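One letter stands for each residue in the lines below.
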Amino acid sequence: MKKGEHGSLLFFDDVIFPSVAFSLEDIVDPTGAGDSFAGAMIGYLASKKSTNLSDIKKSVIYGNVMGSFAVERFGLDGLLCTNKKKIEARIQQYQKMIDF
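Residues numbered from 1 in each chain as written. Predicted model: local features only at pLDDT ≥ 70, side-chain atom pairs only at ≥ 80, totals over all residues. Heavy atoms only, no water.

A.B. asks: How should I be thinking about helix α2 (residues 53-71) in this particular structure?
C.D. replies: An α-helical turn contains 3.6 residues, so a residue and the one three or four places further along point in the same direction. Relative to the 27 Å expected for 19 residues at 1.5 Å per residue, α2 spans 27 Å between its end C-alpha atoms, a close match to the ideal helical length. Burial of α2 is extensive: 15 of the 19 residues sit out of reach of the surface. Capping the start of α2, N52 holds a side-chain oxygen 3.1 Å from the backbone nitrogen of S54, two or three residues further along. (Helix = DSSP H or I, 4+ residues; strand = E, 2+ residues; numbered from the N terminus. Expected span 1.5 Å × (residues − 1). Buried < 20%, exposed > 50% of the residue type's maximum accessible area, 1.4 Å probe, protein only. Polar contact = N/O pair within 3.5 Å; in protein donor to acceptor, adjacent residues only side chain to side chain.)

Put into structure tokens, the structure is as follows:
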């Protein structure tokens, strides 16, 4: 379940996995964030050829991160200006953000 600026909730059997949105100082255009989330989640799972809970959780994190790129600029510009290196760096930032 996408919750916009509040992140997302994953329901899997008896597990509830909440994940926070990636923190951004400025949100320029929220259009397409949900589609970016869904595409990243499905793309990650397809790349892993797996639907185990661990991979599904990680796919949700990729969804949150890609949604954050989408909202930083207008239209597709936020996504067109990214690459695998930037995505992986933001995944690492996300992990530091939620780790305690």
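Anyway, onward from the coordinates.
A.B. asks: Teacher, can you tell me more about helix α4 (residues 84-98) here?
C.D. replies: The end-to-end C-alpha separation of α4 is 21 Å, in line with the 21 Å expected for 15 residues at 1.5 Å each. Every buried residue of α4 is accounted for by I87, R90, I91 and Y94. The buried residues of α4 occupy one face: seen down the axis, they fall within an arc of 110 degrees. Of the residues in α4, the exposed ones pointing more than 90 degrees away from the buried face are K85, Q92, Q95 and K96. Each element contacted by the buried residues of α4 is listed here: β2 (15-19) and α2. Its side-chain oxygen placed 3.1 Å from the backbone nitrogen of K85, N83 serves as the N-cap of α4. (Arc of directions from axis to C-beta. Contact = heavy atoms within 4.5 Å.)

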